[in-house]
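Here is what each chain is made of, one letter per residue.
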Amino acid sequence: DAVVPSIACALERPATSDEKIVKYINSEMEVPEIQDRLKKMGCGDRIAKHTKFVRRNHLWHKSVEPNGINIIDFISLSDEFYRIGGILDEIADQLSTGVAIVALQKGRGERHPRGGDFALQRCRLAIALDLNDPYGCTAKIVKLKIPVEGARKIQGWERDYYVDKDDLRFRSLCSWKMMYQKERK
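Residues numbered from 1 in each chain as written. Predicted model: local features only at pLDDT ≥ 70, side-chain atom pairs only at ≥ 80, totals over all residues. Heavy atoms only, no water.

Caption draft 1: The overall build of the protein chain, seen in detail. Along its length, the protein chain carries five helices and nine strands. Ordered by position from the N terminus, the helices and strands of the protein chain form the series α-β-α-α-β-β-α-β-β-β-β-β-β-α. The 185 residues of the protein chain split such that 37% are buried. Within the protein chain, residue pairs in contact and separated by at least 24 positions form 54% of the contacts whose partners lie at least 6 positions apart. (Helix = DSSP H or I, 4+ residues; strand = E, 2+ residues; numbered from the N terminus. Buried < 20%, exposed > 50% of the residue type's maximum accessible area, 1.4 Å probe, protein only. Contact = heavy atoms within 4.5 Å.)

Caption draft 2: Inspection of the sheet that holds strand S4 (residues 99–104) at higher detail. If you trace the four strands from one edge of the open sheet to the other, you get S2-S1-S3-S4, paired in parallel fashion. One side of each edge strand has no neighbouring strand; the edge strands of this open sheet are strand S2 (51–55) and S4. Each strand of the sheet is rotated relative to its neighbour by a mean of 15 degrees, with strand direction disregarded. Across the sheet, helix H2 (residues 31–40) lies against strand S1 (22–26) and S2, angled at about 135 degrees from S2, the strand it touches most. Each of strand S3 (69–75) and S4 touches helix H4 (residues 84–94); the most contacted strand, S3, lies at about 160 degrees to it. (Pairing = 2+ DSSP bridges. Axes fitted to C-alpha atoms, helices over the stretch in contact; angles between N-to-C directions.)

Caption draft 3: How the structure looks around the pairing of strand S6 (residues 136–144). Most of S6 is tucked away: seven of the nine residues are buried. Judged from the eight bridges that link them, strand S5 (residues 125–132) and S6 form a sheet pairing that is antiparallel. For Ile127, the partnering residue across the bridge sits in S6 and is Ile141. In sequence, S5 turns back onto S6 through a hairpin of three residues. Relative to strand S7 (residues 157–163), S6 is paired through four bridges, and the arrangement is antiparallel. Looking at the pairing, Cys137 lines up with Tyr161 of S7.

Caption draft 4: Inspection of the pattern of salt bridges at higher detail. Tallied over the full model, the rule gives nine salt bridges. Here Arg122 and Asp93 are joined by a salt bridge, their closest N and O atoms 2.9 Å apart. Remark: Asp93 occurs in helix H4 and Arg122 occurs in the loop between S4 and S5; sequence separation between them is 29 residues. Using a relative accessible area of 54% as the deciding quantity, one classes Asp93 as exposed. (Salt bridge = Lys/Arg side-chain N within 4 Å of Asp/Glu carboxyl O.)

Caption draft 5: Looking closely at the side chain of Glu65. Along the polypeptide, Glu65 turns up in the loop between S2 and S3. By relative accessible area, Glu65 is classed as buried at 18%. Apart from residues no more than four positions distant in its own chain, Glu65 is found in contact with Ile21, Lys23, Lys52, Asn70 and Leu95.

Caption draft 6: Looking closely at a nonpolar patch on the surface. The grouping of Leu125, Ile127, Leu129 and Trp176 at the surface amounts to a nonpolar patch, some 330 Å² of accessible area in total. By the secondary structure assignment, Trp176 is in the loop between strand S8 (170–172) and strand S9 (177–178). (Patch = residues over 30% accessible without salt bridge, like charges linked within 9 Å, V, L, I, M, F, W, Y side chains within 5 Å. Areas by Shrake-Rupley, 256 points an atom, 1.4 Å probe, with all protein chains shown as cover.)

Caption draft 7: Region of the structure containing the pairing of S4. In this structure, S3 lies alongside S4, joined through six bridges in parallel fashion. In the sheet register, Asn70 faces S4, and the bridge partner there is Ala100. Regarding topology, H4 serves as the crossover connection from S3 to the parallel S4, and that connection is right-handed. (Right-handed = clockwise from strand over helix to strand, strands pointing away.)

Caption draft 8: Local environment of unusual backbone geometry. A cis amide bond links Asp73 with the next residue in sequence, Phe74, at an omega value of -5 degrees. Across the junction of Asp133 and Pro134, the peptide omega takes the value 0 degrees, indicating a cis bond. The residue Pro134 is located in the loop between S5 and S6 in this model. Phi is positive for Leu59, which is not a glycine, with a value near 50 degrees. With respect to the helices and strands, Leu59 occurs in the loop between S2 and S3. Positive phi, normally seen in glycine, also occurs at Glu80, with a value near 45 degrees. Considering the arrangement of structural elements, one finds Glu80 in the loop between S3 and H4. Given a relative accessible area of 41%, Glu80 falls into the partly exposed group.

Quick look at the structure:
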């Protein structure tokens, strides 16, 4: 619940004329509610200076800033999950020099979000977030389309973290590494 707003806080920075616009597209909350949530996290006032907030629960691509940073929280589908591939294609087609960070729902312990492989076709990077009780949470790199040249293969790497209850920021518990099932038991 706090993950996507935490990402928005991580993007906070002083606004200058040459920086990309951040657009926060939310499907659940009205703009004042998300602004209040970010303010409680300690970053609302600073984010408000360079972020455009939009509430939308369909036609997400119509709100995308082609040259900006777009945070889409979240795309909800209740049936015909395969449609996620087309929705993500529409979002990607709107981008020029910008990026889209898209939150999708998935079942606990599932590798892929709802929509399966259709959700991963167009993305450059997919990270699955899961609870890892009682230790916190786990982030796993499910897909990395274009790794850094000369870098080791990092697809499948994991990192344990928790969201700090005081400021709702990510706190790492370890470095990124390949985790094997026997290490998780």
